[in-house]
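Coordinate analysis (summary)
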Amino acid sequence: MKLIIAIVNNDDSAVVASALTKENFTVTKLSTTGGFLMVGNTTFLIGTEENKVARAKEIISKFSKTRTHEVATTASFGRGLADGELRTPVTVGGAMVFVLSVDEAEKY
Ligand code: 2BA
């Protein structure tokens, strides 16, 4: 068995979750926060058989879009974001996916 940990943009999370559950994946959705941008994102935990991992990754990548966020540069500290020159674009996503091997999975 494998555990897929997928971090996706909040805006894509509903469509990713429904596409996965439609294909009978069991999904747990966690509300998480990126350590760099400090904005909310969504982390999915998906326990599945090894032969279904590729399909889960296909679904996640299909519905996770790349976006650009603007963040303050260090030069803007104390000045807010009023001055456009002090912002820098950061490309986020589509999805960061980790696949882990599971030693045991039991349901009580
Ligand atoms: P954040 O940590 O908020 O990162 C948002 C975006 O900022 C990243 O997009 C990346 O483009 C940039 N970034 C992150 N750390 C950076 C740094 N130290 N210096 C410069 N730029 C940096 P993504 O790579 O698409 O990541 C989106 C979100 O996925 C991340 O949000 C984080 O929550 C998660 N993530 C990505 N890689 C991860 C990893 N190796 N381990 C754990 N979580 C990860």
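Scroll up to find the structure.
So, how was this worked out
Residues numbered from 1 in each chain as written. Predicted model: local features only at pLDDT ≥ 70, side-chain atom pairs only at ≥ 80, totals over all residues. Heavy atoms only, no water. Axes fitted to C-alpha atoms, helices over the stretch in contact; angles between N-to-C directions. Helix = DSSP H or I, 4+ residues; strand = E, 2+ residues; numbered from the N terminus. Parallel < 35°, antiparallel > 145°, perpendicular 65-115°, else oblique. Left-handed = near helix turned anticlockwise from the far one by under 90°. Contact = heavy atoms within 4.5 Å. Expected span 1.5 Å × (residues − 1). Buried < 20%, exposed > 50% of the residue type's maximum accessible area, 1.4 Å probe, protein only. Polar contact = N/O pair within 3.5 Å; in protein donor to acceptor, adjacent residues only side chain to side chain.

**Let's talk about the packing of helix α1 (residues 10–22) against helix α2 (residues 53–63)**
Two elements in contact, α1 and α2, have axes separated by 9 Å at closest approach and are oriented at 150 degrees. Taken together, the axes of α1 and α2 lie roughly antiparallel to each other. Crossing handedness for the pair α1 and α2: right-handed. Side by side, α1 and α2 meet where Asp12, Val15, Val16, Ala19 and Leu20 of the first sit next to Ala56, Ile59, Ile60 and Phe63 of the second.

**As for α1**
With 13 residues, α1 extends 19 Å between its outermost C-alpha atoms, agreeing within 8% with the 18 Å of an ideal straight helix rising 1.5 Å per residue. When α1 is considered as a whole, its buried residues turn out to be Asp12, Ser13, Val16, Ala17, Ala19 and Leu20. Residues of α1 that are buried in the fold lie against β1 (2–9), β2 (26–33), β3 (40–48), α2 and β4 (67–72). Capping the start of α1, Asn9 holds a side-chain oxygen 2.9 Å from the backbone nitrogen of Asp11, two or three residues further along. At the exit of α1 stands Asn24, carrying a positive phi of roughly 70 degrees.

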